[in-house]
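Secondary and tertiary structure notes
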Amino acid sequence: MIALVARQPILDKNLNIFSYELLFRGKDSESFNGEQATAQVIMNTLESIGFTNLTEGQPAFINFTAELLKQGIPDLLAP
């Protein structure tokens, strides 16, 4: 299965890009649970694309499930 990362712009009140939300997308994405989808977003962003390339230097948001938050956020992704 090919997993993809999508970025959705988050705009400010003047319609300028403030940040991006990074999203998991793939042909069979409905078969992934929240933890798997988040892991794919992180892996694809950091290993294949590059965070700076994907976000063009803007902040980015990634959805985390409650379970992943309980496990702790890696230092690399800390707010």
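- You'll find the chain entered in an unreviewed UniProt entry as EAL and modified HD-GYP domain-containing signal transduction protein, with Halanaerobium congolense given as the organism.

**Some remarks on the overall build of the chain**
- Within the chain one finds 3 helices and 3 strands.
- Across the 79 residues of the chain, 25% fall into the buried class.
- Long-range pairs, those at least 24 residues apart, make up 52% of the contacts in the chain with a sequence separation of at least 6.
- Surface summary for the chain: the accessible area is close to 5500 Å², and the carbon and sulfur share equals 54%.

**A word on the side chain of Glu21**
- Tracing the sequence through the fold places Glu21 in strand β2 (residues 17-26).
- Glu21 sits in the buried class, given a relative accessible area of 19%.
- Setting aside anything within four residues of it in sequence, one finds Glu21 in contact with Ala6, Arg7, Gln8, Ile10, Phe61 and Asn63.

**Section: the pattern of salt bridges**
- Under the counting rule described, the total for this entry stands at 1 salt bridge.
- For Glu56, the salt bridge goes to Arg7, with nearest N and O atoms at 3.6 Å. Here the residue Glu56 occupies a position in the loop between α2 (51-55) and β3 (60-62), and Arg7 occupies one in strand β1 (residues 3-11), the gap between them amounting to 49 residues.

**Quick word on unusual backbone geometry**
- Positive phi, normally seen in glycine, also occurs at Leu15, with a value near 65°.
- Note on placement: Leu15 falls in the loop between β1 and β2.
- On the basis of relative accessible area, Leu15 is assigned to the exposed category, the value being 64%.

Rules used throughout
Residues numbered from 1 in each chain as written. Predicted model: local features only at pLDDT ≥ 70, side-chain atom pairs only at ≥ 80, totals over all residues. Heavy atoms only, no water. Helix = DSSP H or I, 4+ residues; strand = E, 2+ residues; numbered from the N terminus. Buried < 20%, exposed > 50% of the residue type's maximum accessible area, 1.4 Å probe, protein only. Contact = heavy atoms within 4.5 Å. Areas by Shrake-Rupley, 256 points an atom, 1.4 Å probe, with all protein chains shown as cover. Salt bridge = Lys/Arg side-chain N within 4 Å of Asp/Glu carboxyl O.

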